[in-house]
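# Coordinate inspection notes
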Amino acid sequence: WLLRGIVGSQNLELALAGALAELFTCLLILGLLSWQEPNRLSCFGLDLRGLTRHLGWGLITALAVWPMATYLLLPVSLWTVKFLSRWLWNLTYTPQPHILLREMTEAATAANLWLVIILAVVIAPLTEEILFRGLLQGALARIFRSCWTAIVVSAAIFSISHLTGRQTVPAG
């Protein structure tokens, strides 16, 4: 209700409100964790020492992986989902564009474009990394006493959290 009428698109306003709530929640959690002991944030990889080196390697890795993910993994993933939908449930899977991508094409203004870019490229990855890789994966590693088990379980929870009703019930 705070953002109603600001952007002009109800979907973008809801996405912005959700992303800001996630971001403020993550910042609150990090603030509470570092309140008594600021060094505690280094276990999340939040350490300013070597930040430029880490950002550089992250950029190089992203640029190296991007072509493989786009031209190999994406088509294989789509084929796998279509195959399993047909084989397990005898349904035809029809991929649907993400709601923010539809908003960009239907209500294409410069403000909406920048808002979607900020939501999808900055806020969402930042909050997801803090929540899933920082908090959840760290807690699971302590529970299972195995880094690899924690990685697999947190990746599964991350994947499941990104399914929507439209993606989990293929149109047939």
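The structure displayed is predicted, hence computed values, not measured ones. (Residues numbered from 1 in each chain as written. Predicted model: local features only at pLDDT ≥ 70, side-chain atom pairs only at ≥ 80, totals over all residues. Heavy atoms only, no water.)

### Some remarks on the packing of aromatic side chains
Each aromatic ring pair is characterised by the separation of its centres together with the angle its planes make. For the record, the criterion: Aromatic pairing here means that ring centres of Phe, Tyr or Trp (its six-membered ring) are within 6.5 Å. Orientation follows from the plane angle: under 30 degrees is stacked, over 60 is edge-to-face, and everything else is tilted. In this text, helices come from DSSP runs of H or I with a minimum length of four residues, and strands from runs of E with a minimum of two, each type numbered from the N-terminal end.
Tallying each qualifying case throughout the model produces 3 aromatic pairs. Centre to centre, the rings of Phe83 and Trp87 are 6.1 Å apart; their planes meet at 10°, and the pair counts as stacked. One end of the pair, Phe83, and the other, Trp87, are both in helix H2 (residues 51-89), 4 residues apart, so they sit about a helical turn from each other. Clustering of aromatic rings is evident, with ring pairs tying together Trp79, Phe83 and Trp87.

### Description of unusual backbone geometry
A positive phi angle, near 55°, is found at Arg145, a position not held by glycine. Summarising the element assignment, Arg145 is placed in the loop between helix H4 (110-144) and helix H5 (147-161).

### Concerning the nonpolar core
Note the cut-off: Among buried residues, those of type Ala, Val, Leu, Ile, Met, Phe, Trp, Tyr and Cys that are joined through side-chain atoms within 4.5 Å constitute a nonpolar core. Under the scheme applied here, a residue whose accessible area is under 20% of the maximum for its type counts as buried, over 50% as exposed, and between as partly exposed, the area being computed with a 1.4 Å probe on protein chains only.
In this structure, Leu12, Leu16, Ala19, Leu23, Leu100, Leu115, Val116, Leu119 and Ile123 together form the largest nonpolar core, which totals 9 residues. Sorting the residues of this core by element identifies helix H1 (10-36) and H4 as the ones contributing at least two each.

### Concerning the packing of H4 against H5
Packed helices, taken two at a time, are described by the angle between their axes plus the distance between the axes. The criterion, for reference: Where helices are involved, their axes are fitted lines through C-alpha atoms of the stretch in contact, as for all axes, and angles between N-to-C directions lie from 0 to 180°. To sort the angles, those under 35 degrees are grouped as roughly parallel, those over 145 as roughly antiparallel, those from 65 to 115 as roughly perpendicular, and the leftovers as oblique. It is the rotation of the near helix from the far one that decides the hand of a crossing: anticlockwise by less than a right angle makes it left-handed, clockwise makes it right-handed. Whether two residues touch is decided by their heavy atoms; if any such pair falls within 4.5 Å, the residues are in contact. Charged residues are taken to be Asp, Glu, Lys and Arg, nonpolar residues to be Ala, Val, Leu, Ile, Met, Phe, Trp, Tyr, Cys and Pro, and polar residues to be all remaining types, Gly included.
Viewed as axis vectors pointing N to C, H4 and H5 meet at an angle of 140°, and their least axial separation amounts to 8 Å. With respect to their mutual orientation, H4 and H5 come out oblique. In terms of crossing hand, the pair formed by H4 and H5 is right-handed. Contact residues: Glu128, Phe132, Leu136, Gln137, Leu140, Ala141 and Phe144 in H4; Thr149, Ala150, Ile151, Val153, Ser154, Ile157, Phe158 and Ser161 in H5. Of the residues in the contact of H4 with H5, the class split is 10 nonpolar, 4 polar and 1 charged.

### Focus on H4
Quick note on the threshold: To estimate the expected span of a helix, count its residues, drop one, and scale the result by 1.5 Å. The angle between axes fitted to the seven residues ending at a residue and the seven residues starting there is what we call the bend at that residue.
The end-to-end C-alpha distance of H4, which contains 35 residues, comes to 47 Å, matching closely the 51 Å that a straight helix rising 1.5 Å per residue would cover. The largest bend in H4 amounts to roughly 35° and is located at Leu119. Regarding H4, the residues found buried are Asn112, Leu115, Val116, Leu119, Ile123, Thr127, Ile130, Phe132, Gly134, Gln137 and Leu140. The positive-phi residue at the C-terminal boundary of H4 is Arg145, with phi of around 55°.

### Describing a nonpolar patch on the surface
For the record, the criterion: Each patch is built from residues lacking any salt bridge and having more than 30% relative accessible area; the joining distance is 9 Å for like charges and 5 Å for nonpolar side chains (Val, Leu, Ile, Met, Phe, Trp, Tyr). All accessible areas in this document rest on Shrake-Rupley with a 1.4 Å probe, and a residue is counted as covered only by the protein chains that are shown. Any Lys or Arg side-chain nitrogen found within 4 Å of a carboxyl oxygen on Asp or Glu counts as a salt bridge.
A cluster of nonpolar side chains, namely Trp79, Phe83, Leu84, Trp87, Leu88 and Trp89, defines an oily patch on the protein surface of about 750 Å² accessible area. Inspection of the secondary structure puts Leu84 in helix H2.

### Considering the pattern of salt bridges
Under the counting rule described, the total for this entry stands at 1 salt bridge. Glu129 serves as the salt-bridge partner of Arg133, at 3.2 Å between the closest nitrogen and oxygen. Pair noted here: Arg133 and Glu129 are both in helix H4, with a separation of 4 residues, about one helical turn. On the accessibility criterion, Arg133 (56% relative accessible area) is exposed. When its relative accessible area of 41% is taken as the criterion, Glu129 is described as partly exposed.

### Some words on the confidence of the model for the protein chain
In low-pLDDT regions, the fine details of the predicted coordinates are not to be read closely. Selection rule: Per-residue confidence from the prediction method is given by pLDDT, with values spanning 0 to 100.
Across the protein chain, pLDDT averages 76, with 80% of residues at or above 70. At the level of individual helices and strands, the protein chain shows its lowest average pLDDT in helix H6 (residues 165-168), which scores 47, and its highest in H5, which scores 88. Under a pLDDT of 50 for its full length, residues 165-172 has, in the predicted model, 13 contacts with residues more than four places off or in other chains.

### Concerning the side chain of Thr127
Note the cut-off: Within 3.5 Å is the distance limit for a polar contact, defined as a pair of N or O atoms, with the added protein rule that one can donate a hydrogen and the other accept it, and that residues adjacent in sequence qualify only through two side-chain atoms.
Residue position: Thr127 is located in helix H4. At 3.2 Å, the side chain of Thr127 forms a polar contact with the side chain of Glu22. Leaving out residues up to four positions away in the same chain, Thr127 has contacts with Glu22, Leu23 and Cys26.

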